[in-house]
Amino acid sequence: NFTEIPNVTYIEPFVGGGALLFHMLQTYPNITRAIINDNNEDLIRTYNTVRDRAKELITELKKIQREFLTLEEEERHEYFNKRRDEYNARQSSGVRHAALFIFLNKTSNANYRTNAGGRYNGAYNHLLNPVICDERTILADSKLLQRVTIICGDYEKTYSEACGNTFFFLDPPYRPTGRRHTSTEFDDREQIRLKKFCDLLS
């Protein structure tokens, strides 16, 4: 029984949306240490912003939400494209960049994806009234993330964080099927490297 294992270290080397992370932290108080990692710098910057600057992020998201929801449908599409260009220019402050990351994910028609040049290329999704600023969730996530060490880089770095009763949750990128989702693909060679990593963990 997982609840009976003392002082669990939870490690997620490919954190993505973090659904299991948040479930585990809310469900199992015996997790005394948690480490998350991803090689997507924008995602990790957003996690750090949610953890360390939640109130500033909420203010920025509310501003974007007000601007977006007062527009007509055609204007919303144009607004999305402008915010995507701003995001890809990588010149915004940390809080603004994280807010743009969330906005694009809330209003795009696809999961987070980039082209070969590393530019976000999700297209606008014609939703009626998307919730761009979910204040309660951001504050709750920020509180949980206070217990989490957030790192950015190759997943193999997480091995050195293992100690005692360690639970690894691995949700790696899909093997590519012809469509590009990131600037670097998780090809067959990466699948073999991941298998060797799993052997090491075992």
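Small disclaimer: the values here were computed from a predicted structure and weren't measured.

Digging into the packing of aromatic side chains
In this description, a pair of aromatic rings is defined by centroid distance and the angle of the planes.
Okay, so step 1: Throughout the structure, instances matching the rule amount to 18 aromatic pairs.
Okay, so step 2: The interplanar angle of 85 degrees and the centroid separation of 5.5 Å between the aromatic rings of Phe2 and Phe167 together place this pair among those described as edge-to-face. Residue Phe2 is found in the segment before strand S1 (8-12), and its partner Phe167 is found in strand S4 (residues 166-168); the two are separated by 165 residues along the sequence.
Okay, so step 3: Measuring from ring centre to ring centre gives 6.0 Å for Phe14 and Phe186, while their planes differ by 85 degrees; the resulting arrangement is edge-to-face.

With respect to the pattern of salt bridges
Where charged atoms from two side chains of opposite charge come close, those side chains can pair.
Okay, so step 1: For the structure shown, the criterion picks out 14 salt bridges.
Okay, so step 2: A salt bridge links Arg96 to Glu60; the nearest nitrogen and oxygen atoms lie 2.6 Å apart. Pair noted here: Arg96 is in helix H5 (residues 94-107) and Glu60 is in helix H3 (residues 54-69), with a separation of 36 residues, a long-range link. In this pair, the class of Arg96 matches that of Glu60, namely buried.
Okay, so step 3: Counted as one network, the salt bridges with shared partners bring together Glu60, Arg83, Glu86 and Arg96.

Section: the sheet that holds strand S2 (residues 31-38)
Okay, so step 1: Within the open sheet, the four strands sit side by side as S3-S2-S1-S4. Their pairing is parallel. Either end of the sheet is taken by a strand with one partner, and the two such strands are strand S3 (148-152) and S4. Between one strand axis and the next, the sheet turns by 15 degrees as a mean value, whatever way the strands run.
Okay, so step 2: Taken together, the five bridges between S1 and S2 define a ladder with parallel strand orientation.

Description of helix H2 (residues 41-52)
Note on helix geometry: an α-helix contains 3.6 residues per turn, so any two residues three or four positions apart are oriented the same way.
Okay, so step 1: Taking 1.5 Å as the rise per residue, H2 with 12 residues should run 16 Å; its terminal C-alpha atoms sit 16 Å apart, in good agreement.
Okay, so step 2: For H2, the full list of buried residues reads Asp42, Leu43, Ile44, Thr46, Tyr47, Thr49, Val50 and Arg51.
Okay, so step 3: The N-cap residue of H2 is Asn40: its side-chain oxygen and the backbone nitrogen of Asp42 are 3.0 Å apart.

Regarding the side chain of Asn37
Okay, so step 1: Assignment of secondary structure puts Asn37 in strand S2.
Okay, so step 2: Residue Asn37 is classed as buried on the basis of its relative accessible area of 0%.
Okay, so step 3: There is a polar contact of 3.0 Å between the side chain of Asn37 and the backbone oxygen of Gly153.
Okay, so step 4: Discounting residues that sit within four places of it in the chain, Asn37 has contacts with Glu12, Pro13, Phe14, Val15, Ile44, Ile151, Cys152, Gly153, Asp154, Tyr155 and Thr158.

As for the environment of Thr49
Okay, so step 1: Among the secondary structure elements, Thr49 is positioned in helix H2.
Okay, so step 2: For the pair formed by Thr49 and Lys82, sequence separation is 33 residues and the distance between their alpha carbons is 22 Å.
Okay, so step 3: The contacts of Thr49, once residues within four sequence positions are left out, are Ala54, Leu57, Gly94, Val95 and Ala98.
Okay, so step 4: Reaching out from Thr49, the side chain makes a polar contact with the backbone oxygen of Arg45 at a distance of 2.8 Å.

So, unusual backbone geometry
Okay, so step 1: Phi is positive for Asn7, which is not a glycine, with a value near 50 degrees.
Okay, so step 2: By the secondary structure assignment, Asn7 is in the segment before S1.
Okay, so step 3: Residue Asn7 is classed as exposed on the basis of its relative accessible area, which comes to 54%.
Okay, so step 4: We note that Arg90 has phi near 55 degrees; this positive angle belongs to a residue other than glycine.
Okay, so step 5: Within the secondary structure, Arg90 is located in the loop between helix H4 (73-89) and H5.

What counts, and where the lines are drawn
- Residues numbered from 1 in each chain as written.
- Predicted model: local features only at pLDDT ≥ 70, side-chain atom pairs only at ≥ 80, totals over all residues.
- Heavy atoms only, no water.
- Phe/Tyr/Trp six-rings, centres within 6.5 Å; stacked < 30°, edge-to-face > 60°.
- Helix = DSSP H or I, 4+ residues; strand = E, 2+ residues; numbered from the N terminus.
- Salt bridge = Lys/Arg side-chain N within 4 Å of Asp/Glu carboxyl O.
- Buried < 20%, exposed > 50% of the residue type's maximum accessible area, 1.4 Å probe, protein only.
- Pairing = 2+ DSSP bridges.
- Axes fitted to C-alpha atoms, helices over the stretch in contact; angles between N-to-C directions.
- Expected span 1.5 Å × (residues − 1).
- Polar contact = N/O pair within 3.5 Å; in protein donor to acceptor, adjacent residues only side chain to side chain.
- Contact = heavy atoms within 4.5 Å.

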